[in-house]
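Single-letter residue listing:
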Amino acid sequence: PDTGVTRHYNFTVMRDITAPDGYRKSAMLINGQFPGPTIEANWGDTISVTVNNMITAGTEEGLAMHWHGITQKGTPWEDGVPGVTQCPIVPRSSFTYTFQADQYGTGWYHSHYSAQLTDGVFGPVIVHGPNHANYDYDLGPIMISEYHHHDYWSNLVEIFSRPPVIPNVNNNLINGRGIYNCSGTDCSPGASLSRFSFRSGKVHRLRLLNTGSNANQKISIDGHTMTVIANDFIPVKPYNTDVVTLGAGQRTDVLVKATGSPRDAYWMRSSIDMDCLNSTATYPTVTAAIYYEDADPSTWPNTTSTVVWQSNNCASDPLNQTVPYYPLTPPGTPSTTETIEINLAQNATGHYLFYMNNATFRANYNAPLLLLDRTGNFSDPYYANANAYNSGANSSVRLVFNNIYPMHHPLHVHGHNFWVLAEGRGTWDGVVVNPANPQRRDTQMMQAGTPENPAYVVLEWELDNPGVWPLHCHMSYHVSMGLSLNIIEQPEKIQQLKIPASLAKTCHEWAVFSGQEFVNEIDSGV
Ligand SMILES: [Cu+2]
């Protein structure tokens with residue numbers, strides 16, 4: 001739908017010292033907030049966000065904001081990926097993103113420039129739409145993110161050391177809150193835990209988001225069962241669970257009936273799945289307090305958890321459990337299929353990078369693919385680093401991924417929700433799970449594999465959105481190490497897009513900036 005209503009926001013991103021868990025560190029804040037402000041709209045509204053880059057303290061950096069899960073149909077230039085859809089916003093400049101809230105449910109936005117997300121450049125997006133399950137109260141976004149006391153650049157330096165060092169995770173936060181046992185000069189008072197309110201007998205909607213960089217989160221509420229009603233922006237047939245599993249970038253909306261009595265208080269918990277972190281964590285579990293209407297909010301809950309969860313090789317919930325509420329059947333035979341092997345290997349300088357069919361992605365901030373494609377010159381030498389797949393005039397694409405390296409990957413596509421036809425270990429046998437109505441979402445976990453026993457995931461979508469759409473691992477380290485490809489979708493139609501002049505302006509300004517300042521692109525750039 002198109003409501004004709006526009007929701008305006010103004011974001012200023014800058015470096016500042018903050019101490020959400022009691023430890024003072026340099027972070028990147030949006031309008032002085034960590035996490036950033038909530039964007040709220042109705043389905044069919046237009047969202048307009050002016051992003052001001054004031055990252056000027058210390059090293060000046062570019063910026064680009066991505067609207068995770070919004071399909072940007074007809075507006076691919078608003079997707080906010082530097083080197084793919086735009087040149088970075090230069091320091092002291094701004095860019096206004098205008099796009100339709102074409103999905104509804106729980107989403108988020110984050111910087112797609114290098115690993116700025118890890119330093120705090122993210123926030124929630126709530127789009128109100130039709131409800132297929134009834135509830136009484138909406139508790140709003142519940143953002144869970146693991147947290148580092150070093151800035152993102154220091155982490156990337158460790159990741160790109162030879163061999164790579166995966167940094168320790170210092171804490172785990174819910175809506176930017178958690179407590180660190182801080183001692184020394186870098187401490188600041190006032191850290192606390194998030195708090196939520198329940199009314200006995202009522203049903204509450206919790207919008208759970210993994211806005212972290214790399215960790216898998218396991219979320220539960222003491223004494224309560226959760227009913228899953230949506231995964232990412234896709235409503236699903238409700239099912240009950242004691243624990244919600246979220247990989248980086250994924251969301252799950254749950255309904256929780258308050259079955260306790262009015263004076264009760266309970267802990268909500270989120271734990272980093274340490275079997276999937278490939279590193280250490282000082283505080284892997286964060287809690288938030290849930291107070292019923294007559295509970296005493298001056299004391300913390302004293303409940304314990306009886307939930308026992310399994311790592312399941314870092315997988316998402318089984319595909320036969322996650323059935324979209326509104327069925328959509330994929331084409332019987334996709335018009336094009338690519339089989340892509342994922343592996344980790346050393347490049348010529350001995351640095352470890354991820355490869356997809358022996359190709360790794362690296363953004364050219366000065367030459368975004370979408371603007372390059374307007375020329376129709378696909379022999380441009382830049383495409384060597386773009387890891388681009390030209391889908392031509394095909395109407396649908398199927399990607400069969402085989403992972404032979406023992407790390408899992410939450411695979412995220414831009415511009416679409418994909419069907420997840422199958423996932424598991426070994427070699428895909430061609431069987432589609434629930435073929436009339438397979439799971440759809442925008443981020444799907446691929447399990448860890450080995451050369452002898454690969455993991456596979458099979459994704460498919462209709463090529464109905466002309467543009468250049470990244471498909472990448474949402475783990476910050478992995479995409480920094482090049483685990484991204486770009487689908488050039490309907491290139492003939494890309495050349496007919498009326499791209500606003502503000503996009504060319506980002507490149508004019510970036511050409512000047514990068515000509516004067518040394519832009520140290522330590523990672524893939526996205
Ligand atoms: Cu990954």
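Residues numbered from 1 in each chain as written. Predicted model: local features only at pLDDT ≥ 70, side-chain atom pairs only at ≥ 80, totals over all residues. Heavy atoms only, no water.

- Looking up the protein in an unreviewed UniProt entry gives the name Multicopper oxidase, with the organism given as Aspergillus violaceofuscus.
- Turning to the protein, the UniProt record has this under Sequence similarities (unreviewed entry): "Belongs to the multicopper oxidase family." (UniProt positions renumbered as here; feature names shortened; annotations may be inferred.)

1. Focus: the domain arrangement of the protein
Move 1: Here the protein is partitioned into domain 1 (1–130), domain 2 (133–310) and domain 3 (336–495).
Move 2: Centre-to-centre separation of domain 2 and domain 3, based on C-alpha positions: 29 Å.
Move 3: Taken together, the two surfaces of domain 2 and domain 3 that pack against each other cover about 2,100 Å², and 56% of this comes from carbon and sulfur.
Move 4: The largest contributions to the domain 2 side of the interface with domain 3 come from Phe160, Asn214 and Ile234, which together make up 27% of the buried area.
Move 5: Here domain 2 and domain 3 share two salt bridges between them.
Move 6: Put simply, domain 2 and domain 3 have nine residue pairs in polar contact (both at pLDDT 80 or more) between them.
Move 7: For the side of domain 2 that touches domain 3, the secondary-structure elements that each account for two or more residues are helix 1 (152–159) and strand 15 (234–241).
Move 8: When residues in the side of domain 2 that touches domain 3 are grouped by element, the largest group, three residues, is from helix 1.
Move 9: Looking at side-chain class alone, the side of domain 2 that touches domain 3 contains 12 nonpolar, 10 polar and three charged residues. (Domains from an automatic or database assignment. Buried area = accessible area lost by both parts, 1.4 Å probe. Salt bridge = Lys/Arg side-chain N within 4 Å of Asp/Glu carboxyl O. Polar contact = N/O pair within 3.5 Å; in protein donor to acceptor, adjacent residues only side chain to side chain. Helix = DSSP H or I, 4+ residues; strand = E, 2+ residues; numbered from the N terminus. Nonpolar A, V, L, I, M, F, W, Y, C, P; charged D, E, K, R; others polar.)

2. Comments concerning the UniProt feature "domain: Plastocyanin-like" (unreviewed entry) in the protein
Move 1: UniProt's entry tags residues 18–131, 141–293 and 367–492 with the feature "domain: Plastocyanin-like" (unreviewed entry), counted in the numbering of this structure.
Move 2: In residues 18–131, helix accounts for 0% and strand for 39%; the two terminal C-alpha atoms are 38 Å from one another.
Move 3: Within the segment residues 141–293, helix and strand shares are 5% and 44% respectively, and the terminal C-alpha atoms sit 20 Å apart.

3. Looking at the coordination of the copper ion
Move 1: At this site the copper ion is bound by His409 (ND1), Cys473 (SG) and His478 (ND1), with donor distances of 1.9 to 2.0 Å.
Move 2: The sequence motif formed by the donor residues of the copper ion is H-x63-C-x4-H.
Move 3: Histidine 478 gets classed as buried once you look at its relative accessible area, which sits at 4%. (Donors = N, O, S within 2.8 Å, 3.2 Å for Na, K, Ca; no water. Buried < 20%, exposed > 50% of the residue type's maximum accessible area, 1.4 Å probe, protein only.)

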